[in-house]
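Listed below are the residues making up each chain.
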Amino acid sequence: MKKTVFLGALAATGLMAGAAAAQTLEDVQSRGTLNCGVTTGLVGFAAPNANGEWEGFDVALCRAVAAAVLGDPTAVEFVPTTGKTRFTALASGEIDMLARNTTWTFSRDNDLKFEFTGINYYDGQGFMVPKGLGVTSAKDLDGATVCVQTGTTTELNLADFFRKNNISYEPVPIETNAEAQQQYLAGACDAYTTDASGLAATRATFEAPADHVILPEIISKEPLGPLVRHGDNEWGDIVRWTLNALIAAEELGVSSANVSDMASAAGDSPEINRLLGTEGNLGEMIGLESDWAVQAISAGGNYGELFEKNIGENTPIGLARGLNAQWTEGGLLYSPPFR
Amino acid sequence: MSDTHAESVAYVRETFVGEQPPPAQETGALIWLRKNLFSNWFYSILTLLALYVIYVLLSGFLPWLLGGVWDASSIRECREIAGEGAAGGCFAVLSERWNQLLFGFSYPSEAYWRPTLALVLLAVAAAPVLFPKVPRALLIVTLIYPFAAYYLIWGGTILISVMALLGVIVGYIVYSRLVDRGFALGFFAGVAAAIIVWQIGGFIAAAAPNVLALTEIPSRDMGGFMLNLILGVVCVSLSLPIGIVLALGRQSSLPIIKWICVVFIEFIRGVPLITLLFVANVVLAYFLPPGTNFDLILRVIIMITMFASAYIAEVIRGGLAALPRGQYEGAESLGLDYAQSMRLIILPQALKISIPGIVNVAVGLFKDTTLVSIISMFDLVGMIRGPILASQDWNGVYWELYGFAAFLFFIVCYGISQYSQWLERQLATDHR
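All figures in this text were calculated on a predicted structure; none of them were measured in a lab.

### Overview of the overall build of chain B
Part 1: When helices and strands are tallied, chain B shows 16 helices and zero strands.
Part 2: Rg of the C-alpha trace for chain B: 30 Å, well past the compact-globule value of 22 Å for 432 residues, more than 25% over.
Part 3: The principal-axis extent of the C-alpha atoms belonging to chain B is close to 105 × 80 × 45 Å.
Part 4: With 432 residues in all, chain B has 30% of them scored as buried.

Quick look at the structure:
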């Protein structure tokens, strides 16, 4: 009996949260700030700098959404979440969106009742080896010792990959990334495997990063993207199309440097005109001002600029675009058309 | 000695010989060494081994500490300055981020003086409670301190703190007027009076938000070692009285009180602290209506206090159980009522026995405050694990940061333990 009452209360709260969630846009606008869930710190993706301002690739997406909705990229309340608290924070309505390098999976989308609104980074599990080993492909790793974090999907992917290729390996179980760095540098394992972006960030901390290579094979799919609650499709659309606007802007050659010029008057390209609101009424359709995309792009730049600034090849992390290049350049980024 | 035997003994010494220094071969550093360190071949080997271990540790540690780089903007620059294969640590992270480690990354830097002043005042306010020789007049500072500290750390108008203090004072006056007619009447009337004053005070403070106002700083901006200290100090000082009440309640002869206390203590002790923290952070968010934001620090303080008071209650119950039955009977035979016998006879002895246990809980609790980093609060460890190690500049600096954290915690915990030993010596009235 007690249990039923408890569950009933839980369901009622859930319903209330659901009812409230259907008007996230109004909530954000009346509050004047966007509550955006980020990590408590991940190199290149989200971390406060020495002045306490949040920076990073995921953070830039929060700022773009805030700029599109509120016209002010600084009107964001960053709510740091850990891997254990992120989903409850979103489900309970504490945050409006979660941009926290979260892998888009079937169960998270359906079972946890969230809606992934796109993919802002295509990650995947890779291998790092010392250059001196002379290995150029993960298939050459026959008989190698591999450092791998226990209890993660990483471990399962690793076993699958080696079995599929019919080669042997010896796992060296480790607990955290910090421990992995020490073990790998001490030579306890020949190779270290985790997500490719994590490998690059780890390599950047080495004394001699150039002595280590990340092998070309990517053995799992880890599409990372922003997500929102089920039940408020208008809000989901805003987050989705803000990300698409950043991607399309790079494809169309609109950057933070030229966006104000291009938006001042209608140009020759109808799609750019529609995107920047000088033609058509896309802003009205999505429930925002006509210059919403201009605001989002001038917040930090288009997708390519954000990538270069936070995790690209000129940063210590030095990630290549790879899968995250535009479809016109052999990558997977493909924004649906703005019309 | 009589003269009759004077001829039977050859010589009688009539004064004591003064103390003589030991012979030259038996003093000095060499003898001390031989006696203590090289008394036989086995100890000699152990001594040499120990010396070697100390040498190895210091030869690694001292160059790291003394040859460290204190001025650089990133780990790469540190390495450049230190040069190839240098052993020096990269302490530049401490000189760049010290303020984040101490105060968290979003506490406004122009307000750093406020928590610092609160810490200094804490020493003044704690002195009369901790040291019997400090003038009793300082107790008034102790009474005002919690309200002053809230005003300093969180800011806002001073009226909030003043009204809260006023409520406590009014409540106490009402209580002391009515307590003659019965404890329960006095107690509940006092609480009611305090609540009325707080309600009125709340309206007044809301109406005049700018009276002597400091910049308001929300709880989520608190962080760093300051957060550990806030949680530690508040929770220890709250859990001690609650623990005493629970321990007495558990021994009560009234079944309801007894069972409430037993269930509370056993439930809390059966649940890990981290679970309670998750409840505070995650589960409560489901039950509160969306939009209400029940202060996270407050939630965490409640949970840690509950946890610590259950443990302290058991420690004090141990002290109560250690007292001989005669102490209770003696108190009763003097005609003291329950409150008097507890206050004058039982508790002073029981608490004295419990000191080591209470200090143990306090030290453990203070270190447990770092667990809040798991529910995404940025205490000292949270700052290190999250923002600082995740910045592109400082990713990879482990020893220096964690060493700094260990150093800060060691200072506080060692201080607490030294104080408790001093207190035990002060109170040592039995013959041990």
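Okay, back to it.
### Considering the overall build of chain A
Part 1: In terms of helices and strands, chain A carries 14 helices and 13 strands.
Part 2: Over its C-alpha trace chain A gives a radius of gyration of 22 Å, about what one expects of a compact globule, namely 20 Å for 339 residues.
Part 3: The buried share among the 339 residues of chain A stands at 47%.
Part 4: A fraction of 72% describes how many contacts in chain A between residues 6 or more apart in sequence connect residues 24 or more apart.

### Focus: the interface of chain B and chain A
Part 1: Facing 26 residues of chain B, the contacting portion of chain A comprises 31 residues.
Part 2: Among the elements of the structure, helix 3 (75-82), helix 4 (92-103), helix 11 (273-287) and helix 15 (380-388) of chain B are those that each provide at least two residues to the side of chain B that touches chain A.
Part 3: In terms of residue count, helix 11 of chain B provides more of the side of chain B that touches chain A than any other element does, five residues in total.
Part 4: Among the residues making up the side of chain B that touches chain A, the classes are represented as 14 nonpolar, nine polar and three charged.

### So, the domain arrangement of chain B
Part 1: Each assigned domain of chain B is listed here: domain 1 (42-94) and domain 2 (222-386 + 400-427).
Part 2: With centres defined by C-alpha atoms, the gap from domain 1 of chain B to domain 2 of chain B works out at 39 Å.

### A short note on helix 14 (residues 303-310) of chain A
Since the α-helix turns once every 3.6 residues, residues separated by three or four places project in the same direction.
Residue and element names in this part refer to chain A.
Part 1: For helix 14, the full list of buried residues reads Tyr303, Gly304, Leu306, Phe307 and Asn310. Looking straight down helix 14, one finds its buried side chains confined to an arc of 165°; they lie on one side.
Part 2: Against helix 3 (57-70), helix 9 (233-252) and helix 13 (292-300) lie the buried residues of helix 14.

### Some remarks on the sheet that holds strand 8 (residues 125-130) of chain A
Residue and element names in this part refer to chain A.
Part 1: If you trace the five strands from one edge of the open sheet to the other, you get 10-9-11-8-12, paired in mixed fashion. Each edge of the open sheet carries a strand with a single partner, namely strand 10 (169-174) and strand 12 (212-214). Strand-to-strand, the axes of this sheet are offset by a mean angle of 30°, without reference to chain direction.
Part 2: Sheet analysis places strand 8 next to strand 12, joined by three bridges and oriented antiparallel. From the neighbouring strand, methionine 128 faces strand 12, where its bridge partner is isoleucine 214.
Part 3: Its contacts with the sheet place helix 8 (residues 196-204) against strand 8, strand 11 (191-195) and strand 12, and it is angled at close to 125° to strand 11.

### What about the domain arrangement of chain A?
Residue and element names in this part refer to chain A.
Part 1: Entries for chain A in the domain assignment read domain 1 (28-119 + 224-327) and domain 2 (124-220).
Part 2: At the junction of the two partners, domain 1 supplies seven residues and domain 2 supplies four residues.
Part 3: A breakdown of the residues in the side of domain 1 that touches domain 2 according to their chemical character gives five nonpolar, two polar and no charged.

### What to know about the packing of helix 4 of chain B against helix 16 (residues 399-426) of chain B
All names here are of chain B.
Part 1: The contact between helix 4 and helix 16 brings their axes to 11 Å, and the two run at 45°. Classified by the angle between their axes, helix 4 and helix 16 sit oblique to one another. Crossing of helix 4 against helix 16: the hand is right-handed. On helix 16, the residues touching Val93, Leu94 and Leu101 of helix 4 are Glu400, Leu401 and Phe404.
Part 2: For the contact of helix 4 with helix 16, a count of residues per class yields five nonpolar, no polar and one charged.

### Section: the packing of helix 9 of chain A against helix 13 of chain A
All names here are of chain A.
Part 1: The contact between helix 9 and helix 13 brings their axes to 10 Å, and the two run at 70°. Accordingly, the angle class assigned to the pair helix 9 and helix 13 is roughly perpendicular. Note on packing geometry: the crossing formed by helix 9 with helix 13 is right-handed. Across the interface between the two elements, Thr242, Ala245, Leu246 and Ala249 of helix 9 pack against Ala293, Ala296 and Ile297 of helix 13.
Part 2: Split into classes, the residues belonging to the contact of helix 9 with helix 13 amount to six nonpolar, one polar and no charged.

### Examining helix 14 (residues 338-368) of chain B
Part 1: With 31 residues, helix 14 of chain B extends only 36 Å from end C-alpha to end C-alpha; this falls clearly short of the ideal 45 Å at 1.5 Å per step.
Part 2: Within the span of helix 14 of chain B, buried status applies to Ile346, Ala350, Ser354, Ile358, Val359, Val361, Ala362, Val363, Leu365, Phe366 and Asp368 of chain B.

### A short note on the environment of leucine 332 of chain A
All names here are of chain A.
Part 1: Mapped onto the secondary structure, leucine 332 falls in the segment after helix 14.
Part 2: On the basis of neighbour count, leucine 332 is assigned to the partly exposed category, with 13 C-beta atoms found within 10 Å.
Part 3: Residues leucine 332 and asparagine 302, 30 residues apart in the sequence, show an inter-C-alpha distance of 16 Å.
Part 4: What leucine 332 contacts, discounting residues up to four positions off in sequence, is Tyr122, Leu323 and Trp327.

### Here we look at the confidence of the model for chain B
Part 1: Put simply, chain B has an average pLDDT of 85, and 96% of its residues get 70 or more.
Part 2: The ipTM assigned to the predicted complex is 0.76, against a pTM of 0.81.

### A word on the nonpolar core
Part 1: In this structure, Cys36, Cys62, Val65, Ala68 and Ala296 of chain A are the most contacted members of the largest nonpolar core, which totals 166 residues.
Part 2: Top element by residues in this core is helix 12 (residues 296-322) of chain B. It accounts for 14 residues.
Part 3: Among all residues touching cysteine 36 of chain A, those that are not within four sequence positions of it are Cys62, Val76, Phe78, Val79, Ile95, Asp96, Met97 and Ala99 of chain A.
Part 4: Counting residues in each nonpolar core, the second largest holds nine residues, with Leu159, Ile160, Ala164 and Val197 of chain B among its members.

### Some details on unusual backbone geometry
A negative phi angle characterises most non-glycine residues, just as the trans form characterises most peptide bonds.
All names here are of chain A.
Part 1: For lysine 113, which is not glycine, the phi dihedral falls at a positive 60°.
Part 2: Secondary-structure assignment places lysine 113 in the loop between helix 5 (106-110) and strand 6 (114-116).
Part 3: We classify lysine 113 as partly exposed; it has 15 C-beta atoms within 10 Å.

### Re the confidence of the model for chain A
Part 1: When the pLDDT values of chain A are averaged, the result is 86; 93% of them are 70 or greater.
Part 2: Between residues 1-21 of chain A, whose pLDDT stays under 50, and residues either more than four places distant or in other chains, the model counts 15 contacts.

### Section: the pairing of strand 9 (residues 144-149) of chain A
Part 1: Examined bridge by bridge, strand 9 of chain A and strand 10 of chain A share six bridges and lie parallel to one another. Its bridge partner lying in strand 10 of chain A, valine 146 of chain A is registered against proline 171 of chain A.

### Here we look at the environment of leucine 427 of chain B
Part 1: Mapped onto the secondary structure, leucine 427 of chain B falls in the segment after helix 16.
Part 2: Along the sequence, leucine 427 of chain B and asparagine 228 of chain B sit 199 residues apart, while their C-alpha atoms lie 30 Å from each other.

Basis of the calculations
Residues numbered from 1 in each chain as written. Chains lettered and ligands numbered in written order. Predicted model: local features only at pLDDT ≥ 70, side-chain atom pairs only at ≥ 80, totals over all residues. Helix = DSSP H or I, 4+ residues; strand = E, 2+ residues; numbered from the N terminus. Rg over C-alpha atoms; globule rule 2.2 N^0.38 Å. Buried ≥ 20, exposed ≤ 12 C-beta atoms within 10 Å, placed from the backbone. Contact = placed C-beta atoms within 7 Å. Nonpolar A, V, L, I, M, F, W, Y, C, P; charged D, E, K, R; others polar. Domains from an automatic or database assignment. Arc of directions from axis to C-beta. Pairing = 2+ DSSP bridges. Axes fitted to C-alpha atoms, helices over the stretch in contact; angles between N-to-C directions. Parallel < 35°, antiparallel > 145°, perpendicular 65-115°, else oblique. Left-handed = near helix turned anticlockwise from the far one by under 90°. Expected span 1.5 Å × (residues − 1). pLDDT = per-residue confidence, 0-100. Core = buried A, V, L, I, M, F, W, Y, C linked by C-beta atoms within 7 Å.

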